[in-house]
Every structure is written in structure tokens, then in C-alpha cells.
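Chain and residue survey
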Amino acid sequence: MLKVAKWCLFLTALTPLIITNEVYFPFVLGKMVWYRSLTELALALLFGWLAWAIITKHEVATPLLPGFTRVKDFLKSPTTVATLVFFVSLALSVIFAVNGYRAFWGDIERAEGFFGMLHYLGFAVAALLLFERKDWTTYFKFSVGVGFVLAFYAFLQWAGVESFPFARPSQPRADSFIGNAAFLATHMFFFALFAWFLTKEPSKWWRIAAFLAIPVSILIMFFTGTRGAILGVGAAIVAFLVGVLIRSERWRGISLRMGASVLLAVIAVGTVGFWVTRDAALWQKVPGLDRLARTATLDKADASTQVRLITWRVSWEAFKEKPVFGWGPENYLVAYEKHYDPDYAIYGETWLDRAHNKFFDLLVMQGIVGVLTYIALIITLLATAFRRTKHLFVPLFVFVVGYSVQNLVLFDQIVSYATFFALLAFVIHESTPLVGEAVVPVSPRARLGIASGGVVLVVLMGISLYAWNAMPYAQAKALLESPKLGDIQKVIGRVKDGFYPYNFAQYTLRGQAIDTVYLDQFFYHEPYRTKESFKPLGELLLEGMDEIIRREPYDVRIMLRYVEMLDALSREDESLYPKMESVLRVAREIAPHRQEVLYHLAANLAKQGKVEEGLAVAREAVALSPEVPRAHFYLSLILAAAGEDEEGKQEILRAEELSPDFSGFLSHDHNTFMMLYQSWGMRDKVAALALRSAQGPVRFSFNTEYYYFGLGFFAEQRDAESFIAIADYLKEIDKGNAESLDILIDLARNGNWNIIETL
């Protein structure tokens with residue numbers, strides 16, 4: 001049993017490689033189920049064996065359970081104490097959370113929450129009880145092997161190689177099997193650290209692999225184009241060189257201080273030179289440095305940086321409201337909604353459930369107590385290594401510097417948590433003195449307690465494997481399969497399988513199913529929406545979203561999604577308008593500065609004939625941040641409904657002026673632009689936009705009818721160049737009329753406009 005438990009722990013190292021394309025969130029859900037199931041199985045086997053051994057033998061032999069005689073010493077480790085204190089602070093944050101259910105269970109998009117975090121602690125406990133030094137070496141070998149696989153496939157992605165078995169689609173920012181370039185870069189820090197631990201292995205090949213892994217990990221960080229990781233690498237290298245300077249070590253009689261001094265000077269000069277010449281074409285050709293060169297904290301054109309800066313301001317305001325224990329784990333979105341900054345909308349409709357900064361995440365979700373306990377954990381980790389395992393201190397210190405710097409612009413997730421807690425357990429193990437083999441007697445009372453606890457834990461692990469791992473996975477699979485079944489009754493059946501029973505996964509799964517499939521394919525698709533046999537599907541989907549709102553009335557995204565579903569149904573049933581209004585007013589109370597809520601409310605009021613009230617709401621949205629193009633766009637819509645055409649024209653022109661490439665709008669806004677311009681007789685604007693889209697490089701989501709309108713307009717103008725440009729593009733998107741378009745192009749080239757007008 002214990003050997004199987006060990007192998008379960010070894011196999012958790014494969015977590016970064018797991019992808020499950022048969023479910024939603026293929027890069028997270030499969031990893032979550034894999035890691036949690038293996039950890040739970042290891043704990044069940046461990047405590048099941050422990051209960052049986054105590055019941056039958058009254059004692060436990062060290063050779064069977066290496067860590068049992070060291071439990072008291074493990075508990076005395078400062079790192080253990082800091083880890084447990086951090087979990088106490090986490091539990092307190094759950095108790096005082098705004099949404100306690102979500103704080104405890106988390107969701108399947110981030111795989112955290114208190115329940116998820118307990119699995120990382122569970123791994124650490126099992127590893128401390130089961131692993132000997134050779135087992136940690138085995139675990140690190142698994143991890144380093146996984147790191148090389150990730151690095152190899154990341155390189156294939158970056159190089160554009162897709163024909164190799166299991167190759168991922170090529171892209172400029174490699175993400176390998178992790179599915180997120182930034183998260184892959186984070187894992188490279190652990191890859192390098194674990195490889196460092198193997199550099200003194202007896203096997204020559206493992207030593208070579210270990211030394212090779214360090215430069216490979218750094219190279220892959222550049223291939224991911226992750227600016228935080230690149231800065232982290234730079235900080236780690238500087239920390240290492242400073243350490244060499246301080247210690248003044250010698251290698252084969254040669255002082256390393258001079259070399260470190262030279263390298264630090266080169267780094268300093270190179271950094272200044274790079275920043276001064278960051279606009280040079282050279283840097284745009286270097287992976288990673290190209291994005292770093294474009295970073296501009298004061299330039300509004302750098303949307304990624306500006307959104308982060310706004311987010312940190314919002315996070316600080318949220319922290320000040322709940323400074324002690326925070327809003328609760330997985331409650332960042334709740335805080336974000338309440339303190340939303342309207343300037344976000346300048347860069348699009350963002351919804352953030354993380355601050356993209358580890359320390360701000362902790363401040364918001366766990367308060368100052370969470371931040372202090374986390375910092376204490378990092379400090380005690382280094383202090384423990386320095387006092388008791390000096391051979392680990394240098395690699396750990398370098399790792400912590402790089403990892404902490406990159407976490408200033410990122411956050412942890414399942415892969416980094418899994419490796420981080422493995423690292424904690426390893427340091428605790430290495431820093432705890434090894435006692436000789438012994439037989440530990442257990443008193444009758446302790447025997448009963450341990451045995452009973454072991455049985456309870458085994459039962460809990462069994463329940464968890466089914467209810468909180470297998471079930472969410474099956475539900476995700478059912479929902480992804482449901483729209484592909486063809487028969488409506490089968491579709492409804494699979495949606496029910498995916499929706500029930502309600503558990504922590506439903507919050508994410510139901511929303512994903514609506515967003516990616518059913519909003520467009522059912523609610524916005526009139527032939528299905530109005531078909532009698534399809535109506536039970538709509539009712540089922542609506543009830544699913546309504547249940548989330550009833551159980552967890554905190555997420556405005558769910559409310560807006562629900563309103564969009566009702567809005568589609570209102571085309572046949574206008575009695576739904578008041579219900580939509582009531583939901584939107586609740587959403588407005590939760591997120592008073594979120595323009596998107598005001599857009600929906602203004603449109604809803606206008607549809608009910610409350611045009612003046614809707615107009616006031618639309619003007620309020622503009623006033624929140626006058627530089628937001630979509631706010632002016634919606635105001636123009638309500639002005640059109642109010643018959644205020646002249647002001648409406650000014651507002652829509654202002655909207656286009658603020659975002660001429662339409663990046664500030666959603667794709668379905670594009671046709672509304674054309675509709676408004678056409679209704680106001682602004683034919684030149686319709687034609688100009690059609691031409692701009694046809695010529696590229698940015699393509700707008702216009703219906704083909706507007707491109708044909710542009711053809712007619714430019715035929716009237718006798719503008720052959722513009723006419724042909726639109727006709728050429730129409731041949732790409734309307735292939736059925738390609739031959740006719742070729743004839744029109746030929747006529748335009750020859751100036752036969754009279755013939756074109758008769759066609």
C-alpha cells in the first residue's frame with residue numbers, strides 16, 4: 001500500500017503535462033482532477049495502512065513509514081509552523097469571506113479555494129511521512145523530465161513546428177502543455193531549481209541533464225514572452241552574483257569576485273543600453289525582449305500595463321475596506337466589482353478575478369494577516385535552509401528572488417502551487433534531523449484516536465474522489481458534448497447531466513456553456529429559439545443560471561449573462577423586460593461604476609418606453625469615463641431611440657474617433673454602427689467603413705450586406721479602386737457569388753459603370 005502511495009505522489013509531478021480536450025477548461029480541469037485524485041489516493045492508502053498497522057500491531061516500525069518517528073521534529077520546524085499559520089489565516093479568511101461557499105470550494109478555472117489548497121498541504125504531509133531522501137531524488141527526476149518535455153514542445157511551438165506527435169499549435173508566445181505562456185514561464189523557475197538539486201547526482205547523465213536544464217529554462221522563459229519572468233530571471237542572476245561577491249568564493253584557486261563584478265557591470269550597462277534603445281528594430285526580433293521593450297507605464301497605448309496599474313489601484317481600495325482578513329479566497333471578483341474603475345473600459349470589457357500581483361491578491365483576499373503570514377513563510381523557508389541545510393540556501397535564495405519578482409505581475413495557479421508545496425515539504429524534510437530506526441509504541445487512547453481518524457480520512461478521500469473529482473469532470477464532459485448530439489432530447493438530457501447535481505463546478509461550467517455555445521446557437525438563433533420542441537432547452541438553461549444567482553448573488557457577470565438570455569427571448573415576449581430590469585438594478589448595486597451594467601439597463605429602459613430614464617442612465621455611463629468609446633456608442637443608440645438624431649450622430653462619431661480600429665467595441669457592435677449610420681443617411685460612413693475593413697489589415701465583423709452597400713456607393717462615385725477593393729474581399733467571404741463579382745471587377749476596370757448600374 002505504501003509503495004502505491006509513494007507512486008501516487010511521484011505521479012503528481014506529471015500534472016503540468018495533463019490536457020483533457022474532452023472537457024471545458026482542458027488545461028486546468030484535467031490537471032486539477034489528476035493532482036487531487038492522486039493526492040487523495042495517496043492519503044487514503046497512507047492513513048488506511050496506518051490505521052490497520054496500529055489496530056493490529058499496536059506500534060509502527062520506522063522502515064515501513066519513514067517519517068512517523070520524525071513527526072514531532074517536523075512540527076518543530078519553523079517552515080512547518082509558518083505553513084500551518086498561513087493555513088490558519090486562510091481558514092479565517094474563509095470564515096469572514098463575503099461568499100463563503102466560493103471561498104471554501106473555489107472553482108474549476110483556478111482550482112483553488114480552501115478545499116483546493118488543502119490538497120497541496122495534503123501532498124506535503126504525505127510526502128513527509130512517506131519519502132526518504134532517495135524518494136525526493138526520484139520526485140525531482142520526474143519533475144525535471146517533465147520540464148524537458150514542456151521545454152521541447154514550447155520550442156516546437158515557437159519554431160512553428162506542428163507536424164511532430166502531440167505538437168501544440170504554433171504561436172509567438174509558447175505555452176506548451178500548460179496552456180498559458182506566463183504560467184509556463186513560472187514553472188521554468190521550478191524546473192531550474194529542481195534540476196539544481198540534482199547537480200550532484202552520482203549518474204553522469206543526470207548531472208549533465210541537470211546543468212543543461214538551467215539555461216534551457218531561461219531560454220524558454222524568453223520564448224514565452226513573459227515580461228515578469230524575464231525580469232525575475234534578471235533579478236535572480238543579480239542576486240546570485242551579489243552572493244558570490246559577498247562570499248568571495250574561490251574555484252580551483254581562482255577568486256570568483258572579479259568575475260562576478262565584471263558580470264554585474266555588464267548587466268548594469270546592458271540594462272541601461274537596452275532601455276535607452278528600446279525602440280530599436282533589433283529588440284523587436286528578440287523573443288521576450290520585444291514585449292519588454294514595448295512596456296510603457298505612462299503610455300495609454302500599452303493596454304496590458306495600464307490595466308495592471310488600474311487593477312493595483314482598485315486592489316488597494318478594496319483592501320482598505322476589508323484590511324484584516326480580506327474578502328475571502330476566490331472573492332477577488334466581488335471586491336473588483338464593487339471598486340471597479342470606469343477607466344478599465346477604455347481598454348475593453350475586462351473581468352478580473354485576480355490582481356495579477358501575488359501580494360495584491362493576498363491583500364484583497366486574505367488581508368494583511370494573509371500577506372504577513374505568506375511573507376513569514378518565505379522568510380522561514382530561507383532561514384531554515386540557511387541554518388540547517390546550507391547547501392540548499394544559495395539555490396533557494398536565487399529561486400525566491402526570481403519567483404517573487406515575477407509574482408509582482410502574476411499569481412499562483414495549480415502547477416506552481418503543486419511544486420511550491422513540494423519544495424516546502426522537501427526543505428522541512430532536509431532540515432529535520434534523521435533519527436535511527438525504532439519501533440514507536442502507541443498508547444491505547446492514541447491507538448483508538450489514530451485508527452478512527454485514519455478510517456474517517458479514508459472515507460472522506462473516497463467521497464471526494466467521486467463527488468468532487470469524478471463528478472465535476474463528468475459534468476464538464478457532458479456539457480461539452482451536449483451541442484454535438486443533433487437530437488434535441490439528447491441535448492437536453494446531456495445538459496441536465498452537466499447541470500446537476502449542483503456543486504462548486506457549476507458556477508464555472510454553466511457560464512462557460514452559455515458563453516461558448518448556447519447564447520449564440522440557441523438564444524440568438526431564432527429558428528431554434530422559437531421552435532416549440534426546443535423551448536424546454538431554453539427553460540433548462542435559464543433555470544441553471546437563475547439557480548446560480550439565487551445561491552451566489554455576487555457575480556455581476558452571471559447576472560448580465562442571464563439578462564442577455566432573457567433579452568433574446570423578449571423578442572417574442574416583451575413581458576420579460578421588467579424581470580430584466582430588476583436583475584440589472586441588483587447588478588447596479590453590486591457594481592455601481594461598471595458601464596456595461598448601465599448599457600444594458602439603459603437599453604432595457606428604452607425598450608420599455610422609459611426613454612428619458614434610459615437616456616439619463618446612458619449619460620451617466622459616459623460621465624463615469626468620457627474616454628470610453630463604447631459609452632458614447634450606447635448613448636448614440638439611446639439618442640436614436642429618443643429621436644435625438646443630431647446629438648446621436650455626434651456621439652457615434654465620437655465613439656469611432658476614440659477607437660478607429662474598433663478595438664474598443666465588441667464584434668456584435670460593428671453591425672450596429674453600420675445600422676445607425678445607414679438609418680441616419682450617412683451613406684459615406686457606411687461605405688468608408690466597408691472599404692476600410694476590406695482593405696485590412698483589421699477586419700470588422702460586418703454583415704455582407706454592408707459590403708454590397710459599399711459597392712453600390714462607390715459605383716455611384718465611379719471610384720474603381722475602392723469598388724474593386726471591396727469586391728475582392730467579398731469574393732473571400734461570399735464565395736457563392738465569386739463569378740459575378742469577377743464580372744463586376746472587370747466592368748469597373750474598364751469603366752463600364754452604366755452596365756454595373758443596370759445589374
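We now turn to the structure provided with this report. (Residues numbered from 1 in each chain as written. Predicted model: local features only at pLDDT ≥ 70, side-chain atom pairs only at ≥ 80, totals over all residues. Heavy atoms only, no water.)

Below, the discussion takes up the overall build of the protein chain. A count of helices and strands for the protein chain gives 34 helices and 4 strands. In summary, the protein chain has a C-alpha radius of gyration of 30 Å against a globular reference of 27 Å for 759 residues, a match within 12%. Within the protein chain, buried positions represent 53% of all 759 residues. In the protein chain, 68% of the contacts between residues at least 6 apart in sequence involve partners at least 24 apart. Summed over all atoms, the accessible surface of the protein chain reaches about 32,800 Å², with 63% contributed by carbon and sulfur. For the protein chain, the separation between the mean place of its 72 positive charges and that of its 75 negative charges on side chains is 13 Å. (Helix = DSSP H or I, 4+ residues; strand = E, 2+ residues; numbered from the N terminus. Rg over C-alpha atoms; globule rule 2.2 N^0.38 Å. Buried < 20%, exposed > 50% of the residue type's maximum accessible area, 1.4 Å probe, protein only. Contact = heavy atoms within 4.5 Å. Areas by Shrake-Rupley, 256 points an atom, 1.4 Å probe, with all protein chains shown as cover. Lys, Arg positive; Asp, Glu negative; His and termini not counted. Charge placed at Lys NZ, Arg CZ, Asp CG, Glu CD.)

What follows deals with the packing of helix α24 (residues 577–590) against helix α25 (residues 595–607). Packing of α24 against α25 brings their axes to within 10 Å, and their N-to-C directions diverge by 155°. Classified by the angle their axes make, α24 and α25 are roughly antiparallel. Here α24 and α25 pass one another in a crossing that is left-handed. Each of Tyr-577, Met-580, Glu-581, Leu-584, Arg-585, Ala-587 and Arg-588 in α24 lies in contact with α25, whose residues at this interface are Val-597, Leu-598, His-600, Leu-601, Asn-604, Leu-605 and Lys-607. (Axes fitted to C-alpha atoms, helices over the stretch in contact; angles between N-to-C directions. Parallel < 35°, antiparallel > 145°, perpendicular 65-115°, else oblique. Left-handed = near helix turned anticlockwise from the far one by under 90°.)

On to the side chain of Ser-89. For Ser-89, the position within the fold is in helix α4 (residues 78–95). When its relative accessible area of 2% is taken as the criterion, Ser-89 is described as buried. In this structure, Ser-89 is in contact with Gln-366, Val-369, Gly-370 and Thr-373, ignoring residues within four places of it in sequence.

Quick look at the nonpolar core now. Within the largest apolar cluster, 237 residues are counted, with the highest numbers of intra-cluster contacts made by Tyr-139 and Tyr-518. Here the element with the most residues in this core is helix α2 (residues 29–57); it accounts for 15 residues. What Tyr-518 contacts, discounting residues up to four positions off in sequence, is Ser-482, Pro-483, Val-491, Val-495, Ala-513, Phe-523, Leu-537 and Leu-541. By size, the runner-up hydrophobic cluster in this structure holds 6 residues, among which are Ile-230, Trp-283, Leu-289 and Ala-293. (Core = buried A, V, L, I, M, F, W, Y, C linked by side-chain atoms within 4.5 Å.)

This paragraph deals with the pattern of salt bridges. Side-chain pairs of opposite charge can arise whenever the charged atoms involved come near each other. Under the definition given, this model contains 39 salt bridges. A salt bridge links Arg-550 to Asp-546; the nearest nitrogen and oxygen atoms lie 2.5 Å apart. Linking Arg-550 with Asp-546, this pair stays in helix α22 (residues 535–551), spanning 4 residues, or about one helical turn. Where Lys-649 meets Glu-646, a salt bridge forms, and the shortest distance between an N and an O atom there is 3.5 Å. Remark: Glu-646 and Lys-649 occur in helix α28 (residues 645–658); sequence separation between them is 3 residues, near one turn of the helix. (Salt bridge = Lys/Arg side-chain N within 4 Å of Asp/Glu carboxyl O.)

Over its 14 residues, α24 extends 20 Å from the first C-alpha to the last, a length consistent with the 20 Å expected when each residue adds 1.5 Å. Among all positions in α24, only Tyr-577, Met-580, Glu-581, Val-583, Leu-584, Ala-587 and Ile-590 are buried. Lining the buried residues of α24 we find α14 (332–338), α23 (556–569) and α25. (Expected span 1.5 Å × (residues − 1).)

Another aspect to go through is the packing of aromatic side chains. For any pair of aromatic rings, the description consists of the separation of the ring centres together with the inter-plane angle of the planes. Using the criterion set out here, one finds 74 aromatic pairs in the structure. Lying across the ring of Trp-327, Lys-322 places its NZ or CZ 5.3 Å from the centre. (Phe/Tyr/Trp six-rings, centres within 6.5 Å; stacked < 30°, edge-to-face > 60°. Lys NZ or Arg CZ within 6 Å of the ring centre and 35° of its normal.)

Considering the arrangement of structural elements, one finds Asp-107 in the loop between α5 (100–105) and α6 (113–130). Here Arg-110 takes part through its backbone nitrogen, which lies 2.9 Å from a polar atom of the side chain of Asp-107. (Polar contact = N/O pair within 3.5 Å; in protein donor to acceptor, adjacent residues only side chain to side chain.)

Look at helix α15 (residues 358–388) against helix α16 (residues 390–406): their axes get within 7 Å of each other, and the N-to-C directions meet at 155°. In terms of axis orientation, α15 runs roughly antiparallel to α16. Handedness of the α15/α16 crossing: left-handed. Taken together, the residues of α16 that come into contact with α15 (itself represented by Phe-359, Tyr-374, Ile-378, Leu-381, Leu-382, Ala-385, Phe-386 and Arg-388) are Lys-390, Leu-392, Phe-393, Leu-396, Phe-397, Val-400, Tyr-403 and Ser-404. Looking at the contact of α15 with α16, its residues break down into 13 nonpolar, 1 polar and 2 charged. (Nonpolar A, V, L, I, M, F, W, Y, C, P; charged D, E, K, R; others polar.)

Here we come to unusual backbone geometry. In this chain, Tyr-500 is followed by Pro-501 through a cis amide linkage whose omega measures 0°. Residue position: Pro-501 is located in the loop between α19 (488–499) and α20 (506–523). Cis geometry marks the peptide bond from Gly-696 to Pro-697; its omega dihedral reads 5°. Tracing the chain through its elements places Pro-697 in the loop between α30 (683–695) and α31 (704–716). You will see that Phe-166, though not glycine, has its phi angle at about 65°, which is positive. Inspection of the secondary structure assignment puts Phe-166 in the loop between α7 (133–159) and α8 (181–196). With a relative accessible area of 68%, Phe-166 lands in the exposed category. Positive phi is not limited to glycine here, since His-356 has a value of about 55°. Among the secondary structure elements, His-356 is positioned in the loop between α14 and α15.

Glancing now at α23. For α23, spanning 14 residues, the distance from its first C-alpha to its last is 20 Å, which sits close to the expected 20 Å at 1.5 Å a residue. Counting buried residues along α23, 13 of its 14 residues qualify, which places the element largely inside the surrounding structure.

A word on the environment of Phe-397. Here Phe-397 shows up in helix α16. Spatially, the C-alpha atoms of Phe-397 and Ile-378 are 9.9 Å apart, while their sequence positions differ by 19 residues. Residues within four places of Phe-397 in sequence aside, it is in contact with Ala-239 and Leu-382.

With that out of the way, let us pick up a nonpolar patch on the surface. A cluster of nonpolar side chains, Val-455, Val-456, Leu-457, Val-459, Leu-460 and Ile-463, forms an exposed patch at the surface whose accessible area comes to about 470 Å². Relative to the elements of secondary structure, Val-456 occurs in helix α18 (residues 444–481). (Patch = residues over 30% accessible without salt bridge, like charges linked within 9 Å, V, L, I, M, F, W, Y side chains within 5 Å.)

Take the environment of Ala-127 next. As for its placement among the helices and strands, Ala-127 is situated in helix α6. Residue classification places Ala-127 among the buried positions, given a relative accessible area of 0%. Each C-alpha atom, one on Ala-127 and one on Ala-209, is 25 Å from the other, the two residues being 82 residues apart in sequence. Ignoring any residue separated from it by four or fewer positions in sequence, one finds Ala-127 in contact with Leu-9 and Trp-136.

Bringing the environment of Thr-419 into the picture now. Of note, Thr-419 is situated in helix α17 (residues 414–431). Note: C-alpha distance between Thr-419 and Phe-194 (225 residues apart in sequence) is 9.5 Å. The residues contacting Thr-419, other than those within four sequence positions of it, are His-187, Phe-190 and Phe-194.

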